[in-house]
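Coordinates in review
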Amino acid sequence: MALILMFSLLPTIALAGEDGEDGGISVLAAGVECAQGDACTTHAAAIGRLHYNSLAEAVDAAAEGQTVTLLQDVNLSAPLMINQGIVLDLHGNDISGVTYQTAFSLSGGTADYPVTITDDLAASHTDAGQISTVSGITVQSGYVRLEKVNISGSSCGVSVMSASPAPVVDIDGANIETTSLVGYPAVISASGAADITILPGTDAFPTTISLSSMNSLSYACILSGSYASSKFNIQGGLVSLDIAGGSAYISMGGTSNIYGGKFQVSNGSSDKNVANASDWNTNVYGGFFNFQPDHAASGYTAVPDTSVSGYSYTVRKAPVAQVNSTDYYTLQEAIDAAGEGGIVTLKNNVTMETALSLSQNVTIEKGNYTITLNGSPALKAAEGVTIPTAIDQTGFKAMVDTGTGMNAYYKDLMAAISAGSHVKLLQNIQLQTPIDKGSDLVLDLNGHSITAPKNSDYAFMLGTQLSNEETVEISIVNTGEDAGTVLGGIQLGNTTAKAAYTLNIGKNVVVKDRAPLFVIGKATANIYGTLQVDSNDP
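So, a few notes on the structure that sits alongside this text. (Residues numbered from 1 in each chain as written. Predicted model: local features only at pLDDT ≥ 70, side-chain atom pairs only at ≥ 80, totals over all residues. Heavy atoms only, no water.)

Brief notes about the pairing of strand 16 (residues 168-171)
Heads up, the condition is: One requirement defines pairing of two strands: DSSP has to find at least two bridges between them. By definition, any uninterrupted DSSP run of H or I lasting at least four residues is a helix, any uninterrupted run of E lasting at least two residues is a strand, and each is numbered from the N terminus.
In terms of strand pairing, strand 13 (residues 143-146) meets strand 16 through four bridges, oriented parallel. Bridge assignment links Tyr143 to a residue of strand 16, and that residue is Val168.

Quick look at the structure:
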């Protein structure tokens with residue numbers, strides 16, 4: 001009995017051989033305090049002051065957000081799985097595994113606590129720790145961040161498995177390489193939905209991704225994805241692909257957006273490019289290349305550029321317009337440079353998400369190119385300026401007098417009413433919701449009609465926005481030669497609000513409905529036009 005009691009009072013330990021083995025003794029692993037600290041060569045890993053006999057034990061013991069520090073080189077003899085958001089600091093040490101069965105798998109990280117692999121002891125990739133397994137690192141799910149470490153695999157550097165939600169992987173300062181002799185290798189592969197971002201890293205730790213093979217392969221690539229669900233976002237880094245022969249691509253499959261970085265593909269490749277011809281989801285917005293890249297994004301172009309040693313091309317925005325033989329990269333810059341009576345010649349399709357401003361009369365020669373204005377407003381033109389015929393005005397629903405000498409043109413009537421106090425219709429309008437306005441408004445029908453929403457009896461429901469003692473005046477006028485028509489009733493006022501609402505219906509304005517005007521609450525209506533009861537309206 002005494003012997004049993006003495007054994008139960010001993011510290012709980014784990015006896016281990018290679019990492020992942022338990023030495024044949026099944027004992028609950030627990031850390032022990034070690035006076036040697038990070039200089040310890042007896043234990044494999046540590047969490048703060050607690051040291052563990054194996055890396056697997058330390059990983060299992062770590063809580064979310066904690067750091068596991070590797071204290072010596074580890075040769076995996078069994079799978080190592082990190083399944084929550086911890087930090088693994090290699091601390092200048094290496095992890096190796098020589099078979100597919102010694103996989104290094106990551107999962108369970110969150111946006112706040114991603115699984116992070118780094119090396120806080122290293123000053124550069126030269127002295128940073130290395131993870132070297134047949135299959136590199138496998139991301140099963142969750143959020144992962146790779147930085148300041150070396151990762152290598154003979155079949156792949158980083159494999160991202162299909163999961164829901166899609167795994168999120170940030171690579172920032174890691175050196176990832178694949179050396180392959182056979183097959184169809186890739187450095188980073190995704191088998192399903194994934195969100196992978198490659199960041200530039202730092203001067204000391206530039207993100208570096210490379211693939212090399214002494215053999216001729218059918219094809220090799222840096223990024224391999226599964227159709228559009230695998231998303232690669234390359235912000236920077238050094239990318240190289242060196243094979244003895246065959247097709248070499250930066251990206252195959254997936255959706256790849258390249259915004260920056262430096263890309264080298266070996267001359268041994270018979271076919272080298274950013275992507276193969278069928279990868280229409282690849283778009284290049286920037287970067288330097290030692291070959292002429294394809295897949296430039298819309299509005300961008302590849303141009304010769306030797307400003308960076310070892311590279312011959314870059315991708316940048318294509319000029320969209322020209323004035324007197326000078327190229328401009330935005331239509332606005334070209335128009336401003338043209339001057340009064342100047343001529344702007346388009347060199348590319350133009351899409352703008354902000355308002356195009358015309359302060360002077362210009363001619364735009366668009367040829368076969370198009371101008372798409374998506375801003376709100378889409379266009380601003382000074383009073384007296386004629387809108388060039390190259391700009392399609394059929395989509396403009398209303399014009400707002402801004403009171404600054406500029407008229408703003410909108411593709412949405414409600415946006416115009418919300419933005420301004422003096423609005424003029426430019427075409428007939430079918431409403432989706434009734435019009436309301438909590439401040440003064442002059443709405444000029446301009447000879448056009450406004451039709452109530454299909455699911456409402458009212459074209460206007462004035463007063464629903466008010467709750468305080470406000471005074472609001474709404475005027476519906478018509479400066480057009482033809483009558484301006486409101487097809488649907490007008491509800492005026494609010495039974496619960498203290499606001500005073502005034503409605504003016506101007507001359508040559510017709511309001512047509514079975515109940516053209518319905519006044520409730522504190523409101524005044526001045527009728528100078530026509531209220532017409534439509535007996536055919538059910």
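With respect to unusual backbone geometry
Backbone geometry follows two general trends: most residues other than glycine have a negative phi, and most peptide bonds adopt the trans configuration. Here is the rule we go by: Accessibility here uses a 1.4 Å probe with only protein chains present; expressed as a share of the type maximum, an area under 20% marks a residue as buried, one over 50% as exposed, and anything in between as partly exposed.
A cis amide bond links Ser164 with the next residue in sequence, Pro165, at an omega value of 0°. Along the chain, Pro165 turns up in the loop between strand 15 (158-160) and strand 16. Looking along the chain, the bond that leaves Ser376 and enters Pro377 is cis, with omega of 5°. Structurally, Pro377 can be placed in the loop between strand 36 (371-373) and strand 37 (379-382). We note that Lys148 has phi near 50°; this positive angle belongs to a residue other than glycine. Relative to the assigned elements, Lys148 resides in the loop between strand 13 and strand 14 (150-153). Here the phi dihedral of Asn446 falls at roughly 55°; this positive angle occurs in a residue that is not glycine. Along the chain, the position of Asn446 falls in the loop between strand 42 (441-444) and strand 43 (449-451). Relative accessible area serves as the criterion here: at 24%, Asn446 is assigned to the partly exposed category.

Brief notes about the sheet that holds strand 35 (residues 363-365)
Whenever strands of a sheet pair, they do so through backbone hydrogen bonds, lying parallel or antiparallel. Put simply, the test is: For every element, the axis is a line fit to its C-alpha atoms; helices are fit only across the contacting stretch, and the angle between N-to-C directions ranges from 0 to 180 degrees. The contact definition used throughout considers only heavy atoms, calling two residues in contact when any of these lie within 4.5 Å.
Taken together, four strands build an open sheet; the order of strands is 31-30-32-35 and the sheet is mixed. The sheet is open, and its two borders are formed by strand 31 (326-328) and strand 35, each paired with just one other strand. Between one strand axis and the next, the sheet turns by 30° as a mean value, whatever way the strands run. Contacts between helix 3 (residues 331-338) and the sheet are confined to strand 30 (321-323), strand 31, strand 32 (343-346) and strand 35, with strand 32 contributing the most and set at about 155° to the helix.

What about the sheet that holds strand 39 (residues 406-410)?
If you trace the nine strands from one edge of the open sheet to the other, you get 34-37-39-38-40-42-45-48-51, paired in mixed fashion. Two strands bound the open sheet, and with one partner strand each, they are strand 34 (356-358) and strand 51 (523-527). Across the sheet, the axes of successive neighbouring strands diverge by a mean angle of 15°, strand direction being ignored. Looking at chain direction, strand 48 (residues 500-505) and strand 51 are connected through five bridges and run parallel.

So, the packing of aromatic side chains
Heads up, the condition is: Any two rings among Phe, Tyr and Trp, with Trp reduced to its six-membered ring, count as a pair given centres within 6.5 Å; such a pair is stacked if its planes are under 30 degrees apart, edge-to-face if over 60, and tilted if neither.
Summed over the entire model, instances satisfying the criterion amount to five aromatic pairs. With a centroid separation of 5.6 Å and an interplanar angle of 70°, the aromatic rings of Phe289 and Phe291 are classed as edge-to-face. An angle of 40° between the planes, with centres 5.6 Å apart, marks the rings of Phe396 and Tyr409 as tilted. Of this pair, Phe396 sits in the loop between strand 37 and strand 38 (398-401) while Tyr409 is found in strand 39, placing the two residues 13 residues apart along the sequence. The class for Tyr409 is buried, based on a relative accessible area of 11%.

Points about the side chain of Ser475
The test is simple: Here a polar contact is taken to be a pair of N or O atoms separated by no more than 3.5 Å, where protein atoms must pair a possible hydrogen donor with a possible acceptor and residues adjacent in sequence count only if both atoms sit in side chains.
In this fold, Ser475 is placed in strand 45 (residues 471-477). In this structure Ser475 comes out as buried when scored by relative accessible area, which is 13%. Here Asn504 takes part through its side chain, which lies 3.1 Å from a polar atom of the side chain of Ser475. For Ser475, the residues in contact, after removing those within four places along its chain, are Leu441, Val442, Leu443 and Asn504.

Looking at the pairing of strand 42
One ladder, built from three bridges, connects strand 40 (residues 422-425) with strand 42; its direction is parallel. Residue Lys424 lies in a different strand from strand 42, and its bridge partner there is Asp444. Sheet analysis places strand 42 next to strand 45, joined by four bridges and oriented parallel. Looking across to strand 45, one finds that Leu441 is bridged to Ile474.

Here's the deal with the environment of Thr389
Structurally, Thr389 can be placed in the loop between strand 37 and strand 38. In sequence terms Thr389 and Ile364 are 25 residues apart; their C-alpha atoms lie 7.7 Å from each other.

A short note on helix 3
An α-helical segment advances 3.6 residues per turn. Residues three or four places apart therefore align on the same side. So the rule is basically this: To obtain the arc, one takes the directions from the helix axis to the C-beta atoms.
Among all positions in helix 3, only Leu331, Gln332, Ala334, Ile335 and Ala338 are buried. Buried residues of helix 3, seen end-on, are gathered within an arc of 160° and therefore sit on one face of the element. A positive phi of about 80° marks Gly339, the residue just after helix 3.

The values reported here are purely geometric and, on their own, carry no functional implication.
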